[in-house]
Amino acid sequence: MGCCSGRCALIFLCTFQLVTALERQVFDFLGYQWAPILATFTHIVVVILGLCGTIQYRPRYIVVYAVWAAAWVTWNVFIICFYLEVGGLSKDSGLLTFSLSRHHSWWHEHGPGCVHKEPAASLGPLDSQALVPGIGCTLEHGYVEALHSALQILVALVGFVCACHVVSVVTEEEDSFDFIGGSDPFPLCHVSEKPSSLLFEQACLPAGGVGEEHPPPPPRDLQLR
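Residues numbered from 1 in each chain as written. Predicted model: local features only at pLDDT ≥ 70, side-chain atom pairs only at ≥ 80, totals over all residues. Heavy atoms only, no water.

**Quick notes on helix α3 (residues 59–83)**
Short version of the rule: Elements are defined by DSSP. Helices are runs of H or I of four residues or more, strands are runs of E of two residues or more, and each kind is numbered from the N terminus. Expected span, for any helix, means 1.5 Å times one less than how many residues it has. Throughout, exposure labels follow a simple rule: accessible area from a 1.4 Å probe, protein chains only, divided by the maximum for the residue type, with under 20% read as buried, over 50% as exposed, and the rest as partly exposed.
For α3, with 25 residues, the first-to-last C-alpha span of 36 Å sits near the 36 Å given by 1.5 Å per residue. Those residues of α3 lying buried are P59, I62, Y65, A66, W68, A69, W72, V73, N76, I79, F82 and Y83. At the exit of α3 stands E85, carrying a positive phi of roughly 55 degrees.

So this is what it looks like as structure tokens:
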């Protein structure tokens, strides 16, 4: 029952993570944030792997998911520090875009309550539209990105705990199944019947001794005595 409830919880969490990761990936593509795009793509692949491992009882896949969950938490902590400018980081730098463009987060221009103002076509550079922030935003884009990352951290921590629980339960079930001999290919004992002498001979063999030689039975006249 505990395994079933743990598996159901982990399946639900993986599904929820896929939905939130796809939503985040869309907005990262709109803002040309190449580093978050690569990280989120890896996250989606590993979550799918963990989901398949949970459904098919594959503990190794779930372990990979648990390890990635810890790395995903670390990445999202960095994203929060980046957008809140903690430790000397600047959200206006080109760190997340690999300095390939001067774009910012999509929420920088289209945040909640923002009024987008187009620049003059003849005065700005080609990508000047991405440089003009929204006006009158009720929530700054840095806080929006931080909230997204905080949600990912919360779900990843719960998923890590559920993954460790499911792995422990599945491993215990496999060990108990091997202990009772459920996977032994051959029986330990066999009974051979000889109608000619009307005697029954029971021989106990080791698990790997099927092909071993046994001493011949005594002569028939000795048996009759």
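**Some details on helix α2 (residues 34–55)**
With 22 residues, α2 should reach 32 Å at 1.5 Å per residue; the first-to-last C-alpha distance of 32 Å fits that figure. At the exit of α2 stands Y57, carrying a positive phi of roughly 55 degrees.

**Observations concerning the pattern of salt bridges**
Defined as follows: What counts as a salt bridge is simple: a side-chain nitrogen of Lys or Arg found within 4 Å of a carboxyl oxygen of Asp or Glu.
Applying the stated criterion across every chain yields a total of one salt bridge. For the salt bridge of E140 with K91, the shortest nitrogen-to-oxygen distance reads 2.3 Å. Here K91 lies in the loop between α3 and α4 (107–110) and E140 lies in the loop between α4 and α5 (141–179), a separation of 49 residues in the sequence. Using a relative accessible area of 14% as the deciding quantity, one classes K91 as buried.

**Thoughts on the nonpolar core**
Cut-off, in case you're wondering: As used in this record, nonpolar core signifies buried Ala, Val, Leu, Ile, Met, Phe, Trp, Tyr and Cys residues forming a set joined through side-chain atoms within 4.5 Å.
Core analysis: the biggest nonpolar cluster contains 17 residues, and L10, C14, I62, Y65 and A163 have the highest contact counts within it. Taken together, the elements giving at least two residues each to this core come down to α1 (2–30), α2, α3 and α5. Residue contributions to this core peak at six residues, all from α5. Within the second largest apolar cluster, seven residues are counted, among which are A39, W68, V73 and A156.

**Some thoughts on empty space enclosed by the protein**
To keep it simple, the criterion reads: Using only the protein atoms, space was sampled on a 1 Å grid; points where a 1.4 Å probe fits but cannot get out form cavities, open sets with protein on both sides within 12 Å along at least five of seven lines form pockets, and lining residues are those with an atom within 4 Å of a point. Grid points are joined across faces, edges and corners, and a volume is the space filled by probe spheres set on the points. Throughout, the ten residues Ala, Val, Leu, Ile, Met, Phe, Trp, Tyr, Cys and Pro are labelled nonpolar, Asp, Glu, Lys and Arg are labelled charged, and all others, Gly among them, are labelled polar.
Scanning the entire structure with this criterion turns up three cavities of 30 Å³ or more. Volume-wise, the largest cavity comes out at about 70 Å³. Along the walls of the largest cavity sit 13 residues, with Q33, K91, S93, H103 and H104 positioned nearest its centre. Grouping the constituent residues of the lining of the largest cavity by class yields four nonpolar, eight polar and one charged. In terms of lining residues, the second largest cavity is bounded by R24, D28, Q33, P36, I79, Y83, L96 and E145. Of all the elements in the fold, those that place two or more residues in the lining of the second largest cavity are α1 and α3. When its residues are assigned to classes, the lining of the second largest cavity shows four nonpolar, one polar and three charged.

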